[in-house]
Amino acid sequence: MKGERHFFPGGNTVRGFYSYYAHAIRPGLDKRVIILKGGPGVGKSTLMRHVGNAFKHKGYAVEWMHCSSDPGSLDGVRIPKVGLALVDGTKPHIVDPVLPGAADGILNLGVALDEAGMAKHVREVEEIGEAISGCFAQAYRYLAAAAPLREDEEIILRGALDAGKINAVTAELLAGLDANSIAARPGKERRLFAGAVTPLGCIHYLNELGAQRVWRLEGPWAMPAQDILSRVRAGLLESGVDIEGFYCPMEPERIEHLLIPETGLLITTANSYQMMAQTPERVIDLEAALDREKLSAAIQRRLYNNQTFDSLIEQAAQSVTRAKGLHDDLEKIYIAHMDFARVTAMQQALLAQLDTLE
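Residues numbered from 1 in each chain as written. Predicted model: local features only at pLDDT ≥ 70, side-chain atom pairs only at ≥ 80, totals over all residues. Heavy atoms only, no water.

Novice: Quick rundown of helix α5 (residues 163-176)? Include the residues and the values.
Specialist: Residue pairs spaced three or four apart in an α-helix point in one direction, given the helix's 3.6 residues per turn. The end-to-end C-alpha distance of α5, which contains 14 residues, comes to 20 Å, matching closely the 20 Å that a straight helix rising 1.5 Å per residue would cover. Residues of α5 that are buried: Ile166, Val169, Thr170, Leu173 and Leu174. Looking straight down α5, one finds that the buried residues subtend no more than 130° of arc, so they occupy a single side. Within α5, the exposed residues directed more than 90 degrees away from the buried face are Ala175 and Gly176. Next to the buried residues of α5 lie β12 (213-218), α6 (226-238) and β16 (282-285). At the N-terminal end of α5, a side-chain oxygen is found 3.0 Å from the backbone nitrogen of Gly164, two or three residues along, and the residue is Asp162. Of the residues flanking the end of α5, it is Asp178, one or two places downstream, whose phi is positive at about 55°. (Helix = DSSP H or I, 4+ residues; strand = E, 2+ residues; numbered from the N terminus. Expected span 1.5 Å × (residues − 1). Buried < 20%, exposed > 50% of the residue type's maximum accessible area, 1.4 Å probe, protein only. Arc of directions from axis to C-beta. Contact = heavy atoms within 4.5 Å. Polar contact = N/O pair within 3.5 Å; in protein donor to acceptor, adjacent residues only side chain to side chain.)

If you want it as structure tokens, here you go:
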């Protein structure tokens, strides 16, 4: 995989904040993992962006890990070629060293914070923090309320589905991928999120995953395409193929996209919530496996499901938006008490240190 890649290592889901940080970092491949600590506004995202851009300008591929609660902010950056990763290790994505001192280390930007000055804002910080938690709890309730609607829509679609045609599609995909053997060493899966429920609504980075080729599974919203992808995933892993699985931003154990890094092939699910701009070399039309007559009997039920689901997702995104506004207020308090000259010196020292990894 070459060039820049963008994805989410964590997301706002029906289970609350769900983290795939253990997959975003590559144990055994990343020789140096730096975990950044410090409160909001201390410069963690800015430092990661500086490090990523420094390596980008030297011609290295960069993985940008975005924050689901503020996509313009970074939760991590990784330089695969040199085995370097920097991640935000603060709440809600708590990350601690696995091999402290040997491969992992902590860089605490909070040392540049005027703690005496911050002590005057203790109650204010507590109140804003509580309000932020309330906004996220509300977002998670909206998502949890939306999940049964998708489940009902999926039940309707399954009732009109020709299982034989789906089995034929799956078999054809497995044959095309040469994924019908059992290898001595099973493949490994890296789990990530291509999309997220954010203050900007439901957004995705499908076009920025670094895929050179695309096979697209097309069908209506809530089409059970994960049945196909789950079987393809299992076949590839049994055949010893390493993959990246991209999971649903709402239900984090539901696979939606599958990337084979070795070949650059992305098998993606397309619907009203996610559609790549890249032209696919192959389109698998799953609507052909649906009985239209059976679906027509549930048209009003489906309309209600779709409209109510959309409304609940919008409300969840608005709750995350309110949380971001409060987080911005919190950052202003911290920023007013930061010694950013000291942060800049720490950043420069880190960049000089990282030069030795090239």
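Picking up after the structure, the text goes on.
Novice: How would you explain the packing of aromatic side chains if you had to name every residue and give the values?
Specialist: Considering all chains together, one arrives at 7 aromatic pairs under this definition. A ring pair is formed by Phe8 and Tyr205, whose centres lie 5.1 Å apart and whose planes are at 40°; its orientation type is tilted. One end of the pair, Phe8, is in the loop between β1 (4-7) and β2 (10-13); the other, Tyr205, is in the loop between β11 (201-204) and β12, with 197 residues separating them in the sequence. Considered together, Phe8 and Tyr205 belong to a single accessibility category, that of buried residues. Geometrically, the ring pair formed by Tyr18 and Tyr20 is edge-to-face, given 5.3 Å between the ring centres and 70° between the ring planes. Overall, Tyr18 belongs to the buried group, its relative accessible area being 18%. Ring pairing ties together the aromatic residues Tyr18, Tyr20, Phe193 and Tyr247, which thus form one cluster. (Phe/Tyr/Trp six-rings, centres within 6.5 Å; stacked < 30°, edge-to-face > 60°.)

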